[in-house]
There are 2 protein chains.
Amino acid sequence: MGRHETISRRQLVQVQDRFIAAWGQMGAAWGVSRTMAEVYALLYITAQPLNTDDVMDRLRISRGNASMSLRALAEWGLVSRAHKRGDRKEYFIAEQDVWALSRKVMRERLRREVLPLLATLHELRDATDNRTEQPAGAPLRLASDDEPAPADARKPVTAAEVRQLNDRIDSLLELVQTVDRLGERFVGSDGKGLRLAANMLSKII
Amino acid sequence: MGRHETISRRQLVQVQDRFIAAWGQMGAAWGVSRTMAEVYALLYITAQPLNTDDVMDRLRISRGNASMSLRALAEWGLVSRAHKRGDRKEYFIAEQDVWALSRKVMRERLRREVLPLLATLHELRDATDNRTEQPAGAPLRLASDDEPAPADARKPVTAAEVRQLNDRIDSLLELVQTVDRLGERFVGSDGKGLRLAANMLSKII
DNA sequence: CTGGATTTTCAATAATCCGTGAAAGAAGGC
DNA sequence: GCCTTCTTTCACGGATTATTGAAAATCCAG
């Protein structure tokens, strides 16, 4: 519907640069390093395979940095490698489907951040609420007990205190588990699962 | 269901410390500073109002740091201030409902990170696809044009290139908008909206 | 195998972020 | 008002993280 005006190549490049900058900033606000996000943005917005030198030149970063970032992106599954005949350089292609992109990012973040937290919470939960059926010799260890106990702070812990502690941990556990399940479901679903979910929810809530 | 064993106060504190550490680590993986997350965790897990000195002592951080973190938490709406009669110190209480907590965190992150990105994307979109109905005098400006154009890189930009650029920006815009709307909906919903959503989705997808 | 082209690694350096503590500021009691 | 108590601010320095660049490793054609 829009009429496309002719724009200069310079303007095009400027728009791309601003896009890359914005994307990099957003990446940084998440746990992704700015450069890594920028490299992805470059590959995405230019919409063509680029090699390490292209990335270096366009983003004005060192060869090492470019190499590292591209590798990390490949590990996350966000870019794929390609080759051109008669050219020994390696080219990189950005995942084009932004919905697939978001799924892949979520998958990695669940795996790297949520799962460890879940594990720790479960462990803590077990440490204060030992079920009767727990095997006698189970190596349930609080943090090491090797230092001599300080003389004070010896007043007994009431059952109420323990219950409260457990309740809090449980509440958080429930939240994190919900997030995890929700994420897993999204990650597992194919296509534009997120969009679907959004539409569904807008009718429900 | 579980039998609560008596545990020493030391063990209790150790469990709390591990909880705090885990929470802090997770916070750091998100955009929240580690200390801020730890202070919240402390307030949450001990389940009682603490003042600045309590926080300093327990977390072994400086007064300034404690003060800053508590203030930031209050700004995010994650802790509230309270006073005790006959005590001039200010006490802080953690938001107890983890679902409310997650809503507040999401609200802030939407506001701080998603909205600016949306604004930029819209702006870029407008910069390359000028609608015919656009007012003549609208201050639509690409990045400043004050530098002399380099002699090369002057070959014209094809319509296809512009279309492709716009398509990419649009795709991303759709994704970010979906996330935003989804988040807004969640933020707006009261109670355990997330949990509800999770249940709903599990049946749908 | 060799030589050149390309990529990866990593120690040094730079940039950034984070925490400190002293000093300044506010809030109350008297 | 003035002193005491508590809170906030902020320049500095320390710690962490990112980036560089050159050397080492890898790869392939001939």
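The text that follows walks through the structure, step by step, so that each part is easy to find. The numbering scheme is per chain: residues are counted from 1 as the chain's sequence reads. Chains carry letters and ligands carry numbers; both start at the beginning, A for chains and 1 for ligands, and go up in the order they are written. In keeping with the predicted nature of the model, local features appear solely for residues at pLDDT of at least 70, side-chain atom pairs appear and are counted solely at 80 or more, and the whole-chain, interface and lining totals rest on all residues. Derived side-chain values reflect all non-hydrogen atoms in the structure, with water molecules and hydrogen atoms excluded from consideration.

1. Some details on the protein's contact with DNA strand C
Reasoning step 1: Any residue with a non-hydrogen atom lying within 4 Å of a molecule or strand is treated as near it. Lining the immediate surroundings of DNA strand C are 18 residues, of which R71(A), R88(A), E90(A), T35(B) and S62(B) lie closest.
Reasoning step 2: Among the atoms of DNA strand C lying within 4 Å of the protein, the sugar-phosphate backbone contributes 60%.
Reasoning step 3: Polar contact criterion, stated in full: a pair of N or O atoms within 3.5 Å, where within protein one must be able to donate a hydrogen and the other to accept it, and residues adjacent in sequence count only if both atoms are side-chain atoms. Here a phosphate oxygen of DNA strand C sits 3.1 Å away from a polar atom, N or O, in the side chain of S67(A).
Reasoning step 4: Contacts to DNA strand C include R71(A), whose side-chain N or O atom sits 2.5 Å from a phosphate oxygen.
Reasoning step 5: Comment: elements are numbered from the N terminus, with helices defined as DSSP H or I runs of at least four residues and strands as E runs of at least two. Secondary structure elements with two or more residues in the surface near DNA strand C: α4 (63-75) and β3 (87-94) of chain A together with α2 (34-46) and α4 (63-76) of chain B.
Reasoning step 6: No other element matches α4(A), which puts five residues into the surface near DNA strand C.
Reasoning step 7: Basically, the charged four are Asp, Glu, Lys and Arg, the nonpolar ten are Ala, Val, Leu, Ile, Met, Phe, Trp, Tyr, Cys and Pro, and anything else, Gly included, counts as polar. When grouped by side-chain class, the residues that make up the surface near DNA strand C number two nonpolar, seven polar and nine charged.

2. A closer look at the sheet that holds strand β2 (residues 79-84) of chain A
Residues and elements named next belong to chain A.
Reasoning step 1: Should DSSP find at least two bridges between two strands, the strands are taken to pair. Spatially, the three strands line up as an open sheet ordered β1-β3-β2, and their pairing is antiparallel. The two strands at the open ends of the sheet, each matched to only one other strand, are β1 (50-51) and β2.
Reasoning step 2: Examined bridge by bridge, β1 and β3 share two bridges and lie antiparallel to one another. When the sheet's bridge partners are listed, L50 is paired in β3 with F92.
Reasoning step 3: Note on contacts: a residue pair qualifies if any of its non-hydrogen atoms lie within 4.5 Å across the two residues. A fitted line through C-alpha atoms serves as each axis, taken over the contacting stretch for helices, and the angle formed by two N-to-C directions is quoted from 0 to 180°. The strands that helix α2 (residues 34-46) touches are β1, β2 and β3; relative to β3, the one it contacts most, it runs at about 90°.

3. Here we look at the nonpolar core
Reasoning step 1: Side-chain atoms within 4.5 Å are what join buried Ala, Val, Leu, Ile, Met, Phe, Trp, Tyr and Cys residues into a set we call a nonpolar core. Burial classes follow relative accessibility: with a 1.4 Å probe on protein chains only, a residue under 20% of its type's maximum area counts as buried, one over 50% as exposed, and anything between as partly exposed. Judged by nonpolar contacts, the single largest core of 51 residues is most densely connected at I169(A), F19(B), W23(B), V39(B), Y40(B), L43(B) and V55(B).
Reasoning step 2: For this core, the secondary structure elements donating two or more residues are α5 (98-128) and α6 (159-188) of chain A together with α1 (9-29), α2, α3 (52-59), α4, β3 (90-94) and α5 (98-128) of chain B.
Reasoning step 3: With sequence-adjacent residues up to four places away left out, Y40(B) is seen in contact with W23(B), L73(B), L78(B), V79(B), A94(B), E95(B) and L101(B).
Reasoning step 4: Membership of the second largest hydrophobic core comes to 49 residues, among which are Y44(A), V55(A), M56(A) and I169(B).

4. A word on the packing of aromatic side chains
Reasoning step 1: Classification of ring pairs uses Phe, Tyr and Trp, with its six-membered ring standing for Trp, and accepts pairs whose centres are within 6.5 Å; under 30 degrees between planes counts as stacked, over 60 as edge-to-face, and the remaining range as tilted. Counted under the stated rule, the structure contains seven aromatic pairs over all chains.
Reasoning step 2: Each ring, one from Y40(A) and one from Y44(A), has its centre 6.1 Å from the other, and the planes form 20°; the classification is stacked. On the criterion of helical spacing, the pair formed by Y40(A) and Y44(A) is a turn pair, its members being four residues apart in helix α2. This pair shows no difference in class: Y40(A) is buried, exactly as Y44(A) is.
Reasoning step 3: Ring pairs connect the aromatic residues F19(A), W23(A), Y40(A) and Y44(A), which therefore count as one cluster.
Reasoning step 4: Definition used: whenever NZ (Lys) or CZ (Arg) falls within 6 Å of the ring centre and also within 35 degrees of the ring normal, the charge is taken to sit over that ring. Positioned above the aromatic ring of Y44(B) is the side chain of R168(A), whose terminal nitrogen or guanidinium carbon lies 5.2 Å from the ring centre.

5. Let's talk about the sheet that holds strand β1 (residues 50-51) of chain B
As a general point, the strands of a sheet are linked pairwise by backbone hydrogen bonds and lie either parallel or antiparallel.
All names here are of chain B.
Reasoning step 1: Taken together, three strands build an open sheet; the order of strands is β1-β3-β2 and the sheet is antiparallel. At either end of the open sheet lies a strand with only one pairing partner, and these are β1 and β2 (79-83).
Reasoning step 2: In this structure, β1 lies alongside β3, joined through two bridges in antiparallel fashion. Paired with L50 across the bridge in β3 is F92.
Reasoning step 3: Running over the sheet, α2 touches β1, β2 and β3 and is turned about 80° from β3.

6. Quick look at α4(B)
All names here are of chain B.
Reasoning step 1: Any helix carries an expected span of 1.5 Å times its number of residues minus one. An ideal rise of 1.5 Å per residue puts 20 Å on 14 residues; α4 measures up with 20 Å between its terminal C-alpha atoms.
Reasoning step 2: Looking at the buried positions of α4, the neighbouring elements they touch are α2, α3, β2, β3 and α5.
Reasoning step 3: Following α4 by one or two positions, G77 adopts a phi angle in the positive range, close to 80°.

7. Re the protein's contact with DNA strand D
Reasoning step 1: For DNA strand D, the set of nearby residues contains 18 residues, the closest of which are T35(A), S62(A), N65(A), R71(B) and E90(B).
Reasoning step 2: Across the atoms of DNA strand D situated within 4 Å of the protein, the share located in sugar and phosphate is 61%.
Reasoning step 3: With respect to DNA strand D, the side chain of S67(B) contributes an N or O atom lying 3.2 Å from a phosphate oxygen.
Reasoning step 4: Between a phosphate oxygen of DNA strand D and a side-chain N or O atom of R71(B), the distance comes to 2.3 Å.
Reasoning step 5: Where the surface near DNA strand D is concerned, the elements lending two or more residues are α2 and α4 of chain A together with α4 of chain B.

8. Description of the packing of helix α1 (residues 9-29) of chain A against α2(A)
Any two packed helices are characterised by the angle at which their axes cross and by the distance between the axes.
All names here are of chain A.
Reasoning step 1: One way to put it is that α1 packs onto α2 with a least axis distance of 8 Å and a crossing angle of 140°. By the angle class used here, α1 and α2 are oblique. The handedness of the crossing between α1 and α2 comes out as right-handed. Note on element contacts: α2 touches α1 through R34, A37, E38, Y40, A41, L42, Y44, I45 and T46, opposite Q16, F19, I20, A21, W23, G24, G27 and A28.
Reasoning step 2: Tallied by class, residues from the contact of α1 with α2 come to 11 nonpolar, four polar and two charged. Small angles under 35 degrees read as roughly parallel and large ones over 145 as roughly antiparallel, with 65 to 115 read as roughly perpendicular and the rest as oblique. In this scheme the handedness of a crossing depends on how the near helix is turned from the far one: anticlockwise by less than a right angle means left-handed, clockwise means right-handed.

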